[in-house]
Amino acid sequence: MKDLWNGRLDSYEEIDLRLWQVVKEIKEAQEPGGVCFVGYDTDEGVVRNLGRKGAEGGSNAIRKSIQSFPKLKELKIYDYKNLDKKNVEEAQEEYSEKIADVLRKKIFPIGLGGGHDIAYGSYLGIRKSYPDKKIGIINFDAHLDMRPYDKGRTSGTSFKEIMDNDKEVQYAIVGFQKIGNTERLIKTAESFNALILNEEYSEDSIIEALKDFIKKVDIVYITFCMDVFEASAAPGVSAPVVMGLEPKKGKRLLRFLMQTEKVVCVDFAEVNPVYDIDNVTAKLAGCLIYEAMEHIKK
């Protein structure tokens, strides 16, 4: 694993251990429990969607941002490494098989993107593992990502394709920005009864709306497009947003969702190290990942 994980070394004593010292390949998992990182290191979907290239490096940038974080007591850490296929449709299928495999092992998957087309791959993997469950998708994003996919999948088509083809899915977006979505996109979301929560809504009102949303589903999948956050906090994304979500608000909302114990998968998309400044976007994703890890059942 040293090609992906290699951080600060204090010692090999238990009290000093960091994540890079304890992460193992998923093939070493012998029992349920823990988390597994799954890299989605392609940005072809972003390029197809006319975004700025560079998110293919996001998976490794996120790993680097968290590798020296302290080990979480009793939480096992695994990694499924990155993709072999980079074409969107092939990448999503390969990635979905990895997600499904992790879930079958009763380990919690954390996806590392890459373009936000990771969302369709995560959904496919979850559906393969939970064929009869009602899935609630909560997308932290400035954009609805409900574009047509008749000319192929992009980073902006995942949720429309999911909703078109699976009636047992509910969709919510947190951090919505009206300036980033056309009337057609909004009407498309409304036609699926999507829960649209604007960035400016108060934290309490968002939580109350999400409580009602979660009651209606069996399991929850959370996906973060890092452009949901204020550009000063997340400059390294494919489509930076001015006046985006405040990071600590996002962290508290994630904590609330993890505490419901319905969440089965989390992923992080659109980390673009080419445009990042001092790796702050990758570090922000890393802090959110650590928050999620702290609330996973050991």
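These notes cover the structure that comes with them. (Residues numbered from 1 in each chain as written. Predicted model: local features only at pLDDT ≥ 70, side-chain atom pairs only at ≥ 80, totals over all residues. Heavy atoms only, no water.)

**Here we look at the overall build of the protein**
Here is the rule we go by: Put simply, DSSP marks the helices as runs of H or I at least four residues long and the strands as runs of E at least two long, and each gets a number from the N terminus on. Our radius of gyration looks at C-alpha atoms and nothing else; its globule reference is 2.2 Å times the residue count to the power 0.38. Summary of the burial criterion: residues with accessible area below 20% of their type's maximum are buried, those above 50% are exposed, and those between are partly exposed, where the area comes from a 1.4 Å probe applied to protein chains only. In this description, accessible areas are obtained by the Shrake-Rupley approach with a 1.4 Å probe, and a residue is regarded as covered only by the protein chains that are shown. Only four residue types enter the charge count: Lys and Arg as positive, Asp and Glu as negative, with His and the chain ends excluded. Charge positions are represented by NZ for Lys, CZ for Arg, CG for Asp and CD for Glu.
Within the protein one finds 10 helices and nine strands. Over its C-alpha trace the protein gives a radius of gyration of 18 Å, about what one expects of a compact globule, namely 19 Å for 298 residues. Projected onto the principal axes, the alpha-carbon positions of the protein cover approximately 55 × 40 × 40 Å. Across the 298 residues that make up the protein, the buried fraction comes to 59%. If you sum the accessible surface of the protein, you get close to 13000 Å²; carbon and sulfur atoms cover 48% of it. The distance from the centre of the 44 positive side-chain charges to the centre of the 49 negative ones in the protein is 2 Å.

**Concerning the pattern of salt bridges**
Definition in use: Salt bridges, as used here, are contacts in which a Lys or Arg side-chain nitrogen is within 4 Å of a carboxyl oxygen on Asp or Glu.
This model, assessed by the stated rule, comprises 25 salt bridges. Between Lys128 and Glu97 there is a salt bridge; the shortest N-O distance is 2.8 Å. One end of the pair, Lys128, is in helix 5 (residues 118–129); the other, Glu97, is in helix 4 (residues 88–104), and 31 residues separate them in sequence. Assessed through its relative accessible area of 34%, Lys128 is described here as partly exposed. With a relative accessible area of 37%, Glu97 lands in the partly exposed category. Taken together, the shared-partner salt bridges in this structure form one network comprising Arg8, Asp10 and Arg18.

**A short note on the packing of aromatic side chains**
Just so we agree on the cut-off: Pairing of aromatic side chains here covers Phe, Tyr and the six-membered ring of Trp, requires ring centres within 6.5 Å, and sorts the geometry by plane angle: under 30 degrees stacked, over 60 edge-to-face, intermediate tilted. Any Lys NZ or Arg CZ that is within 6 Å of a ring centre and within 35 degrees of that ring's normal is treated as a charge sitting over the ring.
Scanning the model with the defined rule gives eight aromatic pairs in all. Aromatic pair Phe69 and Tyr290: ring centres 5.2 Å apart, planes at 80°, arrangement edge-to-face. Taken together, the residues Phe69 in the loop between helix 3 (58–66) and strand 3 (77–79) and Tyr290 in helix 10 (residues 280–294) connect sequence positions 221 residues apart. Ring plane angle 10° and centroid distance 4.2 Å describe the contact between Phe140 and Phe224, whose orientation is recorded as stacked. One end of the pair, Phe140, is in strand 5 (residues 135–140); the other, Phe224, is in strand 8 (residues 219–225), with 84 residues separating them in the sequence. By relative accessible area, Phe140 is classed as buried at 0%. An aromatic cluster of at least three residues, connected via ring pairs, comprises Phe140, Phe224, Phe229 and Phe268. Of note, Arg52 hangs over the ring of Tyr275, and the distance from its end group to the ring centre comes to 3.8 Å.

**Quick look at the pairing of strand 6 (residues 169–176)**
The cut-off we apply is this: The criterion for strand pairing is that DSSP finds at least two bridges linking the strands in question.
The buried fraction of strand 6 is high, at seven of eight residues. Sheet topology note: the strand 5/strand 6 ladder contains six bridges and is parallel. Looking at the pairing, Ile138 lines up with Ala172 of strand 6. Sheet analysis places strand 6 next to strand 7 (residues 195–198), joined by four bridges and oriented parallel.

**Remarks on the sheet that holds strand 2 (residues 35–40)**
One open sheet holds the nine strands; their spatial order is 1-3-2-4-9-8-5-6-7, and the pairing between them is parallel. Edge positions in the sheet fall to strand 1 (24–25) and strand 7, since each of these pairs with one other strand and no more. Relative to strand 3, strand 1 runs parallel, the two sharing two bridges. Residue pairing in the sheet places Glu25 in a bridge with Asp79 of strand 3.

**Observations concerning helix 4**
The test is simple: What a helix is expected to span follows from its residue count: subtract one and scale by 1.5 Å. Residues are treated as being in contact if the distance between any of their heavy atoms lies within 4.5 Å.
If you check helix 4, its first and last C-alpha atoms are 24 Å apart, about what 17 residues at 1.5 Å a residue would give, namely 24 Å. Counting buried positions over the 17 residues of helix 4 gives 12, a clear majority of the element. Taken together, the buried positions of helix 4 are Val88, Ala91, Gln92, Glu94, Tyr95, Ser96, Lys98, Ile99, Ala100, Asp101, Val102 and Leu103. On its buried face, helix 4 sits against strand 2, helix 2 (44–48), strand 4 (108–113), helix 5, helix 6 (158–165) and strand 9 (263–269).

**Comments concerning the layout of surface pockets**
Just so we agree on the cut-off: In this analysis, the protein atoms alone were mapped onto a 1 Å grid. Cavities are point sets where a 1.4 Å probe fits without being able to get out; pockets are open sets with protein on both sides within 12 Å along at least five of seven lines; lining residues have an atom within 4 Å of a point. Grid points are joined across faces, edges and corners, and a volume is the space filled by probe spheres set on the points. Basically, the charged four are Asp, Glu, Lys and Arg, the nonpolar ten are Ala, Val, Leu, Ile, Met, Phe, Trp, Tyr, Cys and Pro, and anything else, Gly included, counts as polar.
For the largest pocket, the calculated volume is near 430 Å³. Lys106, Phe108, Tyr130, Val263 and Val264 are, among the 19 residues lining the largest pocket, the residues nearest its centre. Only helix 4, strand 4 and strand 9 provide two or more residues apiece to the lining of the largest pocket. Among the residues making up the lining of the largest pocket, the classes are represented as nine nonpolar, four polar and six charged. Approximately 250 Å³ is the volume found for the second largest pocket. In terms of lining, the second largest pocket is formed by 17 residues, of which the most central are Asn49, His143, Ser155, Asp227 and Ala239.

None of this, on its own, says anything about what the molecule does.
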